[in-house]
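If you want the building blocks of each chain, they are given just below.
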Amino acid sequence: MHIQEWLETVPAISVYILVGAVIGLESLGIPLPGEIVLVSAALLAASHDGINPWILGACATAGAVIGDSIGYAIGRKGGRPLLAWLGGKFPKHFGESHIAMAERSFQKWGMWAVFFGRFVALLRIFAGPLAGVLHMPYWKFLIANVLGGIAWAGGTTAVIYSVGVVAEAWLKRFSYLGLAIAVLIGLASMLVLKNRAKKAAAAHSAAAATEPEPGTVPVAD
């Protein structure tokens, strides 16, 4: 079967549910590739008339906001023992150094850590549970959570979908080759962004490590 014909058989509702579920689970603290799933779905929407990018973006946003809110509730109830348990289960994602870096970010930036953390893979997993553990006021968390979810999920969908439409227009004559090139472009863009995010996180961690450790630092407004 031609690849385009196969793509046309993918039910749109299954794509919406998958994107919302994966992003929601990632947002509540489970290490899943939410960004990869969202980028792949947006590229698919660009070549699949049955997938509405507006609905896709809305489902991704809903998953991000709901998942973060559930993570906040779990973190507020579970407290620091929850972080220790997660560190034992997922040491690559919830190791002591990762938790320390995320906690410093929250202590310094407060609500902005929730908003901008949506764009950084590590903080995207930590944001909800850690905000709950640190007892950030829920109304502050909710504002940052909703705005960050809309900006990240909606913005990513819009940008990748637009890139996919342009690529489809140029590469549609090449079938498999065009699809492969479009996917490679998407993956390369994502890797560049992730690399820049890692460098920024490392620089922030190094700068924070040079600061004197205060006795007790409250969560910033």
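Structure's up top.
These figures come from a predicted structure and were not determined experimentally.

**Thoughts on the pattern of salt bridges**
A full pass over the atoms with the stated rule returns 1 salt bridge. Between Arg 118 and Asp 68 there is a salt bridge; the shortest N-O distance is 2.7 Å. One end of the pair, Arg 118, is in the loop between helix H7 (111–117) and helix H8 (121–133); the other, Asp 68, is in helix H4 (residues 53–89), with 50 residues separating them in the sequence. Here Arg 118 falls in the buried class, since its relative accessible area comes to 2%. We classify Asp 68 as buried; its relative accessible area is 1%.

**Remarks on the packing of aromatic side chains**
Tallied over the entire structure, the rule returns 7 aromatic pairs. With a centroid separation of 4.7 Å and 25° between ring planes, the pair formed by Tyr 72 and Phe 141 is classed as stacked. Of this pair, Tyr 72 sits in helix H4 while Phe 141 sits in helix H9 (residues 138–171), placing them 69 residues apart in sequence. Both residues of the pair, Tyr 72 and Phe 141, belong to the buried class. Ring geometry for Trp 112 against Phe 115: centres 6.1 Å apart, planes inclined by 85°, an arrangement best described as edge-to-face. A residue pair is termed a helical-turn pair when its members lie 3 or 4 positions apart in one helix, as Trp 112 and Phe 115 do in helix H7 at 3 residues. Ring-pair connections join several aromatic residues into one group, and the members of that group are Trp 112, Phe 115, Phe 116 and Phe 119.

The rules behind these values
Residues numbered from 1 in each chain as written. Predicted model: local features only at pLDDT ≥ 70, side-chain atom pairs only at ≥ 80, totals over all residues. Heavy atoms only, no water. Salt bridge = Lys/Arg side-chain N within 4 Å of Asp/Glu carboxyl O. Helix = DSSP H or I, 4+ residues; strand = E, 2+ residues; numbered from the N terminus. Buried < 20%, exposed > 50% of the residue type's maximum accessible area, 1.4 Å probe, protein only. Phe/Tyr/Trp six-rings, centres within 6.5 Å; stacked < 30°, edge-to-face > 60°.

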